[in-house]
Amino acid sequence: VVPQAPKQARTDQWFQWAAFTRGGKLAVDYYDRQYGKDEFTGASDFTLSGSSNLTDFGQARVTSSSMPPPTQFPGAKGGQFYGDYIGLAAVDQAHPIWSDTRAKDLFLCPDTATGPGKPPQLCGAIEPNGQDANDEEAFTATMNVPTAQK
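What counts, and at which threshold
Residues numbered from 1 in each chain as written. Predicted model: local features only at pLDDT ≥ 70, side-chain atom pairs only at ≥ 80, totals over all residues. Heavy atoms only, no water. Phe/Tyr/Trp six-rings, centres within 6.5 Å; stacked < 30°, edge-to-face > 60°. Helix = DSSP H or I, 4+ residues; strand = E, 2+ residues; numbered from the N terminus. Buried < 20%, exposed > 50% of the residue type's maximum accessible area, 1.4 Å probe, protein only. Lys NZ or Arg CZ within 6 Å of the ring centre and 35° of its normal. Pairing = 2+ DSSP bridges. Axes fitted to C-alpha atoms, helices over the stretch in contact; angles between N-to-C directions.

Participant: Even after reading the chapter, I still don't get the packing of aromatic side chains, so can you show me in this structure?
Facilitator: Here the distance between the centres and the angle between the planes together describe a pair of aromatic rings. In total, this model carries five aromatic pairs according to the counting rule given. Relative to Tyr-31, the ring of Phe-15 has its centre 6.1 Å away and its plane inclined at 70°; by these criteria the two rings are edge-to-face. Linking Phe-15 in strand β1 (residues 13–20) with Tyr-31 in strand β2 (residues 26–32), this pair joins segments that are 16 residues apart in sequence. Where Trp-98 meets Phe-139, the ring centres are 5.8 Å apart and the plane angle is 50°; that geometry is what we call tilted. In this pair, Trp-98 sits in strand β8 (residues 94–104) while Phe-139 sits in strand β11 (residues 134–140), placing the two residues 41 residues apart along the sequence. Using a relative accessible area of 3% as the deciding quantity, one classes Trp-98 as buried. One aromatic cluster in this structure is built from Trp-14, Phe-15, Tyr-31, Phe-46, Trp-98 and Phe-139. Across from the ring centre of Tyr-35, 4.3 Å away, lies the NZ or CZ of Arg-61, which sits over that ring.

Participant: How should I be thinking about the sheet that holds β1 in this particular structure?
Facilitator: Each strand in a sheet pairs with another by means of backbone hydrogen bonds, the pair being arranged parallel or else antiparallel. Spatial strand order, β1-β2-β3-β4: four strands in an open sheet with antiparallel pairing. The open sheet has two edge strands with one neighbour each: β1 and β4 (58–61). Each strand of the sheet is rotated relative to its neighbour by a mean of 20°, with strand direction disregarded. Across seven bridges, β2 lies against strand β3 (residues 45–51) in antiparallel orientation. Counterpart to Asp-29 in the pairing with β3 is Leu-48.

Written out as structure tokens, the structure reads:
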């Protein structure tokens, strides 16, 4: 089992990708709800796990803060679609790729930018469930592959 952190025993992890570095370390990235109250709020993070012996694993949080549930294709509890931008590449380090939902969905406000004296303004939206509408963006990071500390 890749996720071996105590908090991961009772939380969700999904959409795993795996790659080996040229030095033989296994890297696995995935969405993870072990941080804060993610398991109860629907928020999520992205985590990188790794091993040099395929038995013991270390882990590192990739995202700097939790991401709200996506609002694209909304459902009763928010969005239901995490996007198709998930993956992992590795050479000497790992390069996780994920769909990040922390950016607000901004658009041109109606009746702005229509002529002189009406400059453009940005607006956001609130979903029917009260959540701020967000935009999914493809993010990547470069990280050392974490390994178990013994």
